[in-house]
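Residue-level structure breakdown
Spelled out, the chains give:
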Amino acid sequence: MVLMKREATEEQIQAVCAAIQEHGLKALVLPGGERVAVGIPSAIPPDLRPVLDQHLSAMDGVDQVIHITRPYKLASRDFHPHDTIVRVGHVEIGGGRFVVMAGPCAVESYEQLSEAARAVKAAGAQILRAGAYKPRTSPYSFQGLQREGLEILRTVAREVDILTVSEVIDPRDVDMMAEYVDILQIGARSMQNFPLLVAAAKSGKPVLLKRAPSATYDEWLGAAEYLLTHGNEQVMLCERGIVPIDRTYVRNTLDINAVPVIKYHSHLPIIVDPSHGVGHARYVPAVALAAVAAGADGLLIEVHPHPDRALSDGVQSLNPEAFAHLMAQIAAVRAALAPLTTK
Ligand code: PEP
Ligand code: MN
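Just so you know, these numbers come straight off a predicted model, no measurement behind them.

**Structural notes on the site of ligand 1**
Surrounding ligand 1, one finds Cys105, Arg129, Lys134, Glu167, Gln185, Gly187, Ala188, Arg189, Lys210, Arg240, His276 and Glu302. Protein chains shield 97% of the accessible area of ligand 1, which is 290 Å² for the free molecule. Here the shell around ligand 1 is built from residues that sort into 2 nonpolar, 3 polar and 7 charged.

This is the structure we're talking about:
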């Protein structure tokens, strides 16, 4: 990144951009409060670095050339100071808006999904979640209804008039799934499946990128960078809990720190999944409200019309009554904080 002097002129800024482009690289002008920076949002070959350094440092109007050593650039606020707003149908996510995605862990039947969709929509959710392909720990567990599940999801979404998010686990399914759903979910187990990320990016669909249970922020944002660098800017991050110290009480530990940390370092919206984050329905509301208070851009919550009969993740699924109550609490927390919110 080339930091320009406060008094740098427009001509000097343009000359720096031209010099970067002469080396076959992209240049991105980043207007700042007091001065402008010019970013290079592409990989710089190692042998070019010293040459470029010397060339740019000597130019008029240049203050400093700074090397960013993080594994991400396009995902960074340094390169994109303003919040990204993801547009899904009529819904906008990020930049102070708030979205709730809710529904069962998996599509189990038309009746189950239809009941769930009506309940979550009535309570105020804008997006229906439901998995058709389930990446389960055991190959003997329910693997999802797959193509039939997608058919059901699309049918129900049209009937209920609600947008959808669903997980894709195989790069070969991306284009097919893009015909059925509004947002492609990349699951925690797939966060670093790079061919899947590239395929999802190329689909042009908004992507919800879950954090792997042991991923650092750099690894997670590095995965987001794959989506961005392959041309998809419609990316949301999803914190869904990290490996816990004690699995006797919880399934994962929701890393609430992720909300302010990601918001500081990245412009991408951050969605929190309290259901997988804690793993028990009784704790989900408290953790969900903490995420709202921390500044999350939205929540992804598992809701099942009959959690005791669910084929996957029933223990952590809210029933429709508990979900409706939580939605009222979310509205109250947001209303309480609204007049006090500062950047
Ligand atoms: C899910 O959303 O149902 C799911 C499988 O989540 P994760 O990838 O976070 O485990
Ligand atoms: Mn689940």
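**Overview of the state of the cysteines**
This model, assessed by the stated rule, comprises 0 disulfides. The thiol sulfur of Cys238 is not disulfide-bonded, and the nearest other cysteine sulfur, from Cys105, lies at 13 Å.

**Focus: the side chain of Asp313**
Relative to the assigned elements, Asp313 resides in the loop between strand 14 (298–302) and helix 11 (320–337). Of the polar contacts made by the side chain of Asp313, one reaches the side chain of Arg251; its length is 3.0 Å.

**Focus: the domain arrangement of the chain**
Taken as a whole, the chain is organised into domain 1 (2–65) and domain 2 (86–341). Taking only C-alpha atoms into account, the centre of domain 1 sits 39 Å from that of domain 2.

**Digging into the sheet that holds strand 9 (residues 163–167)**
Pairing in this closed barrel of 8 strands is parallel, and the strands run 7-8-9-10-11-12-13-14 around the ring. Taken pair by pair, the neighbouring strands of this sheet meet at an average axis angle of 25°, ignoring direction. As paired strands, strand 11 (residues 207–210) and strand 12 (residues 235–239) are joined by 4 bridges and run parallel to one another. Note that in strand 12 the partner of Leu208 across the bridge is Met236. Packing against the sheet, helix 7 (residues 217–229) makes contact with strand 11, strand 12 and strand 13 (270–272), and its axis sits at approximately 160° to strand 12. Relative to strand 13, helix 8 (residues 258–265) is tilted by about 170°, and along the sheet it contacts strand 12 and strand 13.

Cut-off values and rules
Residues numbered from 1 in each chain as written. Chains lettered and ligands numbered in written order. Predicted model: local features only at pLDDT ≥ 70, side-chain atom pairs only at ≥ 80, totals over all residues. Heavy atoms only, no water. Near = heavy atom within 4 Å. Areas by Shrake-Rupley, 256 points an atom, 1.4 Å probe, with all protein chains shown as cover. Nonpolar A, V, L, I, M, F, W, Y, C, P; charged D, E, K, R; others polar. Disulfide = S-S within 2.5 Å. Helix = DSSP H or I, 4+ residues; strand = E, 2+ residues; numbered from the N terminus. Polar contact = N/O pair within 3.5 Å; in protein donor to acceptor, adjacent residues only side chain to side chain. Domains from an automatic or database assignment. Pairing = 2+ DSSP bridges. Axes fitted to C-alpha atoms, helices over the stretch in contact; angles between N-to-C directions. Contact = heavy atoms within 4.5 Å.

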